[in-house]
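Examination of the molecular architecture
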Amino acid sequence: MAKKVFIGTGRRKSSTAQVKMTAGSGKITVNGVDVNEFMPYATYVMDLKQPLVATNNENTFDIEVKVSGGGASGQTGAIRLGITRALLEYDKANEANEDSYRKILKKAGLVTRDPRAKERKKPGLKAARRAPQFSKR
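Summarised in this report is the structure supplied together with it. Keep in mind that this is a model prediction, so the values were computed, not measured.

**Some thoughts on the overall build of the chain**
Within the chain, the regular secondary structure consists of 5 helices and 5 strands. The N-to-C order of helical and strand elements in the chain reads β-β-β-β-α-α-α-β-α-α. Its C-alpha atoms give the chain a radius of gyration of 19 Å, more than 25% over the compact-globule value 14 Å for 137 residues. Taken over the C-alpha atoms alone, the chain extends approximately 75 × 35 × 25 Å along its principal axes. Burial statistics for the chain: of 137 residues in total, 32% are counted as buried. Pairs at least 24 residues apart make up 67% of the contacts formed inside the chain by residues separated by at least 6 positions. A total of about 9,000 Å² of accessible surface is found on the chain, and carbon and sulfur atoms cover 51% of it. On the chain, the mean spot of the 27 positive side-chain charges and the mean spot of the 13 negative ones are 15 Å from each other.

**Structural notes on the side chain of serine 15**
Summarising the element assignment, serine 15 is placed in strand S2 (residues 15-23). Looking at serine 15, the relative accessible area reads 1%, which means it is buried. Here glycine 69 takes part through its backbone oxygen, which lies 2.7 Å from a polar atom of the side chain of serine 15. A polar atom in the side chain of serine 15 sits 3.3 Å from the backbone nitrogen of glutamine 75. Sequence-distant contacts of serine 15, that is, excluding residues within four places in its chain, are made with Gly10, Ser68, Gly69, Gly70, Gly71, Gly74, Gln75 and Ala78.

**Topic: the pairing of strand S1 (residues 6-12)**
Taking every second residue as pointing to the same face, the buried face of S1 carries Phe6, Gly8, Gly10 and Arg12, while none of Ile7, Thr9 and Arg11 on the other face is buried. Sheet analysis places S1 next to S2, joined by 7 bridges and oriented antiparallel. Counted as the bridge partner of glycine 8 is valine 19 from S2. As consecutive antiparallel partners, S1 and S2 are separated by 2 residues, and within that stretch lysine 13 has a phi angle of approximately 50 degrees, a positive value.

**Quick word on the side chain of glutamine 75**
With respect to the helices and strands, the residue glutamine 75 is situated in helix H4 (residues 72-90). Exposure remark for glutamine 75: the relative accessible area of 12% places this residue in the buried category. Those residues in contact with glutamine 75 that lie beyond four places of it in its chain are Ser15, Phe38, Val67, Ser68, Gly69 and Gly70.

**Some thoughts on the pairing of S2**
The sheet contact formed by S2 and strand S5 (residues 61-68) spans 8 bridges and is antiparallel. In the strand pairing of S5, methionine 21 is matched with isoleucine 63.

Parameters and conventions
Residues numbered from 1 in each chain as written. Predicted model: local features only at pLDDT ≥ 70, side-chain atom pairs only at ≥ 80, totals over all residues. Heavy atoms only, no water. Helix = DSSP H or I, 4+ residues; strand = E, 2+ residues; numbered from the N terminus. Rg over C-alpha atoms; globule rule 2.2 N^0.38 Å. Buried < 20%, exposed > 50% of the residue type's maximum accessible area, 1.4 Å probe, protein only. Contact = heavy atoms within 4.5 Å. Areas by Shrake-Rupley, 256 points an atom, 1.4 Å probe, with all protein chains shown as cover. Lys, Arg positive; Asp, Glu negative; His and termini not counted. Charge placed at Lys NZ, Arg CZ, Asp CG, Glu CD. Polar contact = N/O pair within 3.5 Å; in protein donor to acceptor, adjacent residues only side chain to side chain. Pairing = 2+ DSSP bridges.

See below:
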């Protein structure tokens, strides 16, 4: 029988991550590469593992991620949200209990998508709010 797969999609800034979580030994691969090789800084790896650490599942699941768009920080946030959603799908039957993953992850602030994104450039300005330099004469 095939292993049960839990899927979660995460987005942050202009990045999108599709996360597939199966029972395993804690191996995380991003776009076919080990997470420690893919991410430029160890703090990003710690950041995306937050939901697993909060629920004590660091060595319980193998996670396979496809991520695209944005930079390293946005991709990290997208992967973190995807992992959170996959964990919530895994723990669906246990939602009403006091020790449910939803309550733990919600308290840690990991369930909500970060809505901040780059503001668009306006006409007549150099950037979103940066005006050209003013010269009196």
